[in-house]
Amino acid sequence: MSAAQSEHQPIMNTDWWSVGTVTIGITVFAIAQGLTYPLISLLLAARDVSDTTIGLNAAAFMLGLGVSVLVVPRLTRHLRAGQVIVAGLLGAAMSLGGFAATDNLSAWFLLRFALGFCVNAI
């Protein structure tokens, strides 16, 4: 085989399932953090929630991120990485749905924590 022929041969087959999973994971992460972070705060402000409470609610997301840093490595010892990612995607979707399902401020703290945890798992 000549050098010119080997240049046109793929080095490896593309695992499109993995590419799709990573793309979906990045998209969910971007939506969950990039859009919900300001939107949830704006929704709380529109409901006349104090700035301190809004800040604490935003901190719940970061707390979820921090806790997941400790937990996700343990999860990956028992589950495949793909399973952890799918669980994170499902958890993030359920968390986002929970914001639409309730107006309870305490629940929003738990949902924001869960969203941070799940997003980091992704």
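Residues numbered from 1 in each chain as written. Predicted model: local features only at pLDDT ≥ 70, side-chain atom pairs only at ≥ 80, totals over all residues. Heavy atoms only, no water.

**Digging into the overall build of the protein**
The number of helices and strands found in the protein is five helices and zero strands. From first element to last, N terminus to C terminus, the protein shows the α and β order α-α-α-α-α. Here the protein has a C-alpha radius of gyration of 19 Å; the compact-globule value for 122 residues is 14 Å, and the former is much larger. Looking at the protein as a whole, 29% of its 122 residues are labelled buried. Counted over contacts in the protein with a minimum sequence separation of 6, partners at least 24 positions apart contribute 76%. (Helix = DSSP H or I, 4+ residues; strand = E, 2+ residues; numbered from the N terminus. Rg over C-alpha atoms; globule rule 2.2 N^0.38 Å. Buried < 20%, exposed > 50% of the residue type's maximum accessible area, 1.4 Å probe, protein only. Contact = heavy atoms within 4.5 Å.)

**Here's the deal with the packing of aromatic side chains**
Applying the stated criterion to the full structure yields two aromatic pairs. Pairing Tyr-37 with Phe-61 gives two aromatic rings, centres 5.7 Å apart and planes at 75°, and the pair type is edge-to-face. With Tyr-37 in helix H2 (residues 16-46) and Phe-61 in helix H3 (residues 51-78), this pair connects stretches of sequence that are 24 residues apart. In this structure Phe-61 comes out as buried when scored by relative accessible area, which is 0%. On the numbers, 5.1 Å between centres and 90° between planes, the contact of Phe-99 with Trp-108 is edge-to-face. Overall, Trp-108 belongs to the buried group, its relative accessible area being 2%. (Phe/Tyr/Trp six-rings, centres within 6.5 Å; stacked < 30°, edge-to-face > 60°.)

**Things to note about helix H4 (residues 81-101)**
For H4, built from 21 residues, the straight-helix expectation of 30 Å at 1.5 Å per residue is met to within 8% by its first-to-last C-alpha distance of 30 Å. Buried residues of H4: Val-84, Ile-85, Gly-88, Leu-89, Gly-91, Ala-92, Ser-95, Gly-98 and Phe-99, and no others. (Expected span 1.5 Å × (residues − 1).)

**Observations concerning the nonpolar core**
Membership of the largest hydrophobic core comes to 14 residues, with the highest contact counts inside it found for Ile-40, Leu-44, Phe-61, Phe-99, Trp-108, Leu-115 and Val-119. Among the elements of the structure, H2, H3, H4 and helix H5 (105-121) are those that each provide at least two residues to this core. Of the residues forming this core, the biggest block, five residues, is contributed by H5. Those residues in contact with Trp-108 that lie beyond four places of it in its chain are Ile-40, Leu-43, Leu-44, Arg-47, Asn-57, Phe-99, Thr-102 and Asp-103. (Core = buried A, V, L, I, M, F, W, Y, C linked by side-chain atoms within 4.5 Å.)

**What about the pattern of salt bridges?**
Under the defined criterion, the tally for this structure stands at one salt bridge. As a salt-bridge pair, Arg-47 and Asp-103 come within 3.3 Å of each other at their nearest N and O atoms. Of this pair, Arg-47 sits in the loop between H2 and H3 while Asp-103 is found in the loop between H4 and H5, placing the two residues 56 residues apart along the sequence. Assessed through its relative accessible area of 40%, Arg-47 is described here as partly exposed. The exposure class assigned to Asp-103 is exposed, which follows from its relative accessible area of 62%. (Salt bridge = Lys/Arg side-chain N within 4 Å of Asp/Glu carboxyl O.)

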